[in-house]
Amino acid sequence: MAVELVLRSTRVITPGGTRAASVAVAGGKITAVLAHDAEVPAGARLEDFGDDVLLPGLVDTHVHVNDPGRTEWEGFWTATRAAAAGGITTILDMPLNSLPPTTTVDHLRVKQEVARAKAHVDVGFWGGALPDNVKDLRPLHDAGVYGFKCFLSPSGVEEFPQLDQERLATSLAEITGFGGLLIVHAEDPHHLESAPQNPGPKYADFLASRPKDAENTAIQNLIDQARRLNARVHVLHLSSSDALPLIAAAKAEGVRITVESCPHFLTLTAEEVPDGATEFKCCPPIREAANQDLLWDALADGTIDCVVSDHSPSTADLKTGDFATAWGGISSLQLGLPAIWTEARRRGRTLEDVVRWMSAAPAALAGLGAKGAIEAGRDADFAVLAPDETFTVDPAELHHRNQVTAYAGKTLYGVVKSTWLRGTRIADHGTPTEPTGRLLERQN
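Here goes a summary of the coordinates provided. (Residues numbered from 1 in each chain as written. Predicted model: local features only at pLDDT ≥ 70, side-chain atom pairs only at ≥ 80, totals over all residues. Heavy atoms only, no water.)

**Observations concerning the overall build of the protein chain**
Argument step 1. Within the protein chain one finds 12 helices and 18 strands.
Argument step 2. Taken over C-alpha atoms, the radius of gyration comes to 21 Å for the protein chain, in line with the 22 Å a tight globule of 444 residues would show.
Argument step 3. Projected onto its principal axes, the C-alpha coordinates of the protein chain cover approximately 70 × 45 × 45 Å.
Argument step 4. The 444 residues of the protein chain split such that 60% are buried.
Argument step 5. For the protein chain, contacts bridging at least 24 residues in sequence account for 74% of all contacts bridging at least 6. (Helix = DSSP H or I, 4+ residues; strand = E, 2+ residues; numbered from the N terminus. Rg over C-alpha atoms; globule rule 2.2 N^0.38 Å. Buried < 20%, exposed > 50% of the residue type's maximum accessible area, 1.4 Å probe, protein only. Contact = heavy atoms within 4.5 Å.)

Here you go:
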């Protein structure tokens, strides 16, 4: 197929490192990564980004789109516009907070139909594992979901109940039987129930109500189950640094476990959360700066595999001033890349690290073999980043349906100049184009 497009930069992040290069594209695929001064084939268009960095489009495997059913909280149109503006080219939608939840094939089809015409980026779907839907897990797997999410403590919505340890074992055995992946909200309900509960505006009271022990115990139990069944499991939104030795030991032993953390745990700290500022509320919670330092160490040594948003928005009225009753979730889909890059550069990490954590590793987690790298054969998905330019977060400029964010007023490094999906520019200086995203299904 004849080359249609060449993207050129003095800084292209490839699996082999950062280099000056020209990237050839045909039919929505990368066909070659060439020398910077390679001749542009006849009939091909050249896009020269100068010294701006060309990196693979980010892959966010943890997004709550809430559509249909709670579309006033978010929706495929707004969520995928925000993703495109933030350099993300693929998202995987979580199975809960929409109505219906993605817990049967029929429910999956409803969600796919809603998303089809609204997707500005590529969209795949997780299924849900509930106490009463074990019979639905293999059909959902065969229908193309990328794995199954469960909660070990209350999810916050009645239609998505948690699994106790017995039902966790049953679901995990079923999923392992067909080679699937279970992704887990790991907080132990008994530790949560016994923690002090002091409603009100004080962040310290909320933090005490979600202790590290809840995460640590749930993760240890999950490791034990995964070891027993030789199951593949993934820990969602890790915030407790105390669990890191457990995870590292399990990995060294050969337990098939991977782990993610999120921009809010890696860039925000408990010490900076004002009382009553429930835009900072999430579960598990944002913890102290010393805890955050250890999470960064674990990213550096590979104990934590990837960084994804856990974008979990709501309407502004649900963010009441009481941490006990406010909706728990951080809206960050559009801001994850600059937020992580700002902190990474401060800590001496590189953009290559950020690409590994936010593109390559999430793509590998979900088995998205066409995503996550700039190399021949992959989808021509890119973000163009000016890493040394800064901007101040103005909620009014976000494409999320509800412009509530814990990052308001923060100055961040890294301006996304444009985003490209299969060789088509889908966002230019923060303004998305018309939707061209596709619905994805697991292929293996």
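**Considering the sheet that holds strand S8 (residues 122–125)**
Argument step 1. Strand order in the open sheet formed by 3 strands is S6-S7-S8, with parallel pairing between adjacent strands. The open sheet is flanked by strand S6 (58–63) and S8, the only strands paired with a single partner. Averaged over all pairs of adjacent strands, the angle between strand axes in this sheet comes to 20 degrees, irrespective of strand direction.
Argument step 2. When S6 meets strand S7 (residues 88–93), the two strands line up parallel, connected through 4 bridges. By the bridge assignment, aspartate 60 is partnered in S7 with isoleucine 91. (Pairing = 2+ DSSP bridges. Axes fitted to C-alpha atoms, helices over the stretch in contact; angles between N-to-C directions.)

**Overview of the packing of helix H7 (residues 212–229) against helix H8 (residues 244–253)**
Argument step 1. Where H7 contacts H8, the axes come no closer than 10 Å and their chain directions differ by 10 degrees. The orientation of H7 with respect to H8, classified from their angle, is roughly parallel. On the side of H7, the interface is formed by Asn216, Ile219, Gln220, Ile223 and Arg227, while H8 contributes Leu246, Ile247, Ala250 and Glu253.
Argument step 2. Residues belonging to the contact of H7 with H8 are distributed by class as follows: 5 nonpolar, 2 polar and 2 charged. (Parallel < 35°, antiparallel > 145°, perpendicular 65-115°, else oblique. Nonpolar A, V, L, I, M, F, W, Y, C, P; charged D, E, K, R; others polar.)

**With respect to the pattern of salt bridges**
Argument step 1. Tallying each qualifying case throughout the model produces 31 salt bridges.
Argument step 2. When the shortest N-O distance is used, the salt bridge between lysine 417 and aspartate 52 registers 3.5 Å. Of this pair, lysine 417 sits in strand S16 (residues 411–421) while aspartate 52 is found in the loop between strand S4 (45–48) and strand S5 (53–56), placing the two residues 365 residues apart along the sequence.
Argument step 3. The shortest N-O distance in the salt bridge between aspartate 67 and lysine 118 comes to 3.5 Å. Of the two residues, aspartate 67 is situated in the loop between S6 and helix H1 (76–85) and lysine 118 in the loop between helix H2 (105–116) and S8; the sequence distance between them amounts to 51 residues.
Argument step 4. Three or more residues joined by partner-sharing salt bridges are found here, namely Lys29, Asp122, Lys371, Asp379, Asp381 and Arg422. (Salt bridge = Lys/Arg side-chain N within 4 Å of Asp/Glu carboxyl O.)

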